[in-house]
Amino acid sequence: MICRSSIFAAIGIIGLVSFGASSAFAAGSAASGAKLFTANICSACHAIAKGNPSPVGPNLFGVVGRKAGSLNGYAYSPAMKAAGLTWDEGTLVKYVMSPSIVVPANKMVFAGIKKEQDAEDVAAYLATLK
Ligand code: HEC
């Protein structure tokens, strides 16, 4: 893995470790993440209430533990369906920071959250949607 900074490397390692762990990875603040979810306009494209249709992207209720590109009834890009990821807080941090690097050719039009701490907070918030 090529890492851009030691902080990014640390997140990468945490991400790999949390692949094996079942839960309880909590580097971020869910309360802050809830605000960032709106501030970063995730909420403009993604519904978060169970079963609600999304305006643009897939509903994110229960996204942690879900296989990427697997929500029934949502028309994912072939890239997302073939990503071979299962979302956990580590993979979500990486994806929201660099969507087009983590899943090349996916159709989420979002440049990425710049600050690692913000991405960790958003991931922690997404983990509460269950
Ligand atoms: C402009 C609309 C838009 C914005 C803004 C956006 N997304 Fe997305 N998102 C999408 C689309 C469209 C997809 C489906 C991608 C595909 O199929 O290739 C997606 C996919 C995802 C997935 C994968 C879900 C799955 O079921 O596999 C996650 C997680 C996600 N987005 C989180 C976020 C977060 C967190 C934010 C804010 C930081 C955000 N998105 C901002 C449109 C958006």
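So, here is what we can say about the structure in this document. Just so it is clear, the model here is predicted, and its values are computed rather than measured.

### Some words on the site of the ligand
Move 1: Of all residues adjacent to the ligand, which total 25 residues, the nearest are Cys 42, Cys 45, His 46, Ser 77 and Met 108.
Move 2: The contact in question runs from an oxygen atom of the ligand to an N or O atom on the backbone of Gly 69, over 2.8 Å.
Move 3: Contact between the ligand and Trp 87: an oxygen atom at 2.8 Å from a side-chain N or O atom of the residue.
Move 4: Judged by its atoms lying within 2 Å of the grid points, the ligand is housed in the largest pocket.
Move 5: Breaking the shell around the ligand down by element, the ones donating at least two residues are α3 (42–45) and α5 (89–97).
Move 6: By residue number, the principal contributor to the shell around the ligand is α5, which donates three residues.
Move 7: In the shell around the ligand, the residues fall into 18 nonpolar, five polar and two charged.

### A look at the environment of Asp 88
Move 1: Within the secondary structure layout, Asp 88 lies in the loop between α4 (78–81) and α5.
Move 2: Overall, the relative accessible area of 11% leaves Asp 88 in the buried class.
Move 3: Distance from Asp 88 to Lys 67, taken between C-alpha atoms, is 9.4 Å for residues 21 residues apart in sequence.

### What about the layout of surface pockets?
Move 1: What the largest pocket holds in volume is close to 540 Å³.
Move 2: Breaking the lining of the largest pocket down by element, the ones donating at least two residues are α3, α5 and α7 (116–126).
Move 3: Per-element accounting of the lining of the largest pocket gives the leading share, three residues, to α5.

### Quick word on the coordination of the iron atom of the ligand
Move 1: Those protein atoms acting as donors to the iron atom of the ligand are His 46 (NE2) and Met 108 (SD), and they sit at 1.9 to 2.1 Å.
Move 2: Of note is the iron atom of the ligand, whose six donor atoms meet at the metal with angles of 87 to 179° in an arrangement that counts as octahedral. Placement of the pair is His 46 in the loop between α3 and α4 and Met 108 in the loop between α6 (99–102) and α7, with a sequence separation of 62 residues.
Move 3: Residue His 46 is classed as buried on the basis of its relative accessible area of 12%.

### Observations regarding the packing of aromatic side chains
Move 1: Counted according to the given criterion, the structure contains three aromatic pairs.
Move 2: When the ring of Tyr 74 is compared with that of Tyr 76, the centres are 4.7 Å apart and the planes differ by 75°; the resulting orientation is edge-to-face.

### What to know about unusual backbone geometry
Move 1: Here the phi dihedral of Ile 41 falls at roughly 55°; this positive angle occurs in a residue that is not glycine.
Move 2: In this structure, Ala 105 takes a positive phi of about 70° despite not being glycine.
Move 3: Here Ala 105 shows up in the loop between α6 and α7.

Rules behind the numbers
The residue numbers shown here count from 1 along each chain, following its written sequence. The predicted origin of the model limits local features to residues at a pLDDT of at least 70 and limits the giving and counting of side-chain atom pairs to 80 or more, whereas totals for whole chains, interfaces and linings rest on all residues. Processing note: side-chain calculations cover all non-hydrogen atoms of the structure and skip hydrogens and water entirely. Whether a residue is near a molecule or strand depends on its heavy atoms: it is near if one of them lies within 4 Å of it. Nitrogen and oxygen atoms within 3.5 Å of one another constitute a polar contact, given that in protein one can donate a hydrogen and the other can accept it, and given that sequence-neighbouring residues count only through two side-chain atoms. Lining residues are those with an atom within 4 Å of a point, where the points come from a 1 Å grid over the protein atoms alone and group into cavities, where a 1.4 Å probe fits but cannot get out, or pockets, open sets with protein on both sides within 12 Å along at least five of seven lines. Throughout, a molecule is located in a cavity or pocket provided that more than half of its atoms lie within 2 Å of its grid points. Put simply, DSSP H or I for four residues or longer makes a helix, DSSP E for two residues or longer makes a strand, and each gets a number counted from the N terminus. Here the term charged refers only to Asp, Glu, Lys and Arg, the term nonpolar to Ala, Val, Leu, Ile, Met, Phe, Trp, Tyr, Cys and Pro, and the term polar to all other amino acids, Gly among them. Three labels apply to residues, based on accessible area from a 1.4 Å probe with only protein chains included: buried if under 20% of the type maximum, exposed if over 50%, partly exposed otherwise in between. Grid points are joined across faces, edges and corners, and a volume is the space filled by probe spheres set on the points. Counted as donors are N, O and S atoms no farther than 2.8 Å from the metal, or 3.2 Å for Na, K and Ca; water is not among the atoms, and sites may therefore look incomplete. In short, tetrahedral needs four donors with all angles between 85 and 135 degrees, square planar needs four and octahedral six donors with opposite donors over 155 degrees apart and all other angles between 65 and 115, and whatever is left is irregular. Here a Phe, Tyr or Trp ring, Trp counted by its six-membered ring, pairs with any other such ring whose centre lies within 6.5 Å, and the pair is stacked when the planes are under 30 degrees apart, edge-to-face when over 60, and tilted otherwise.

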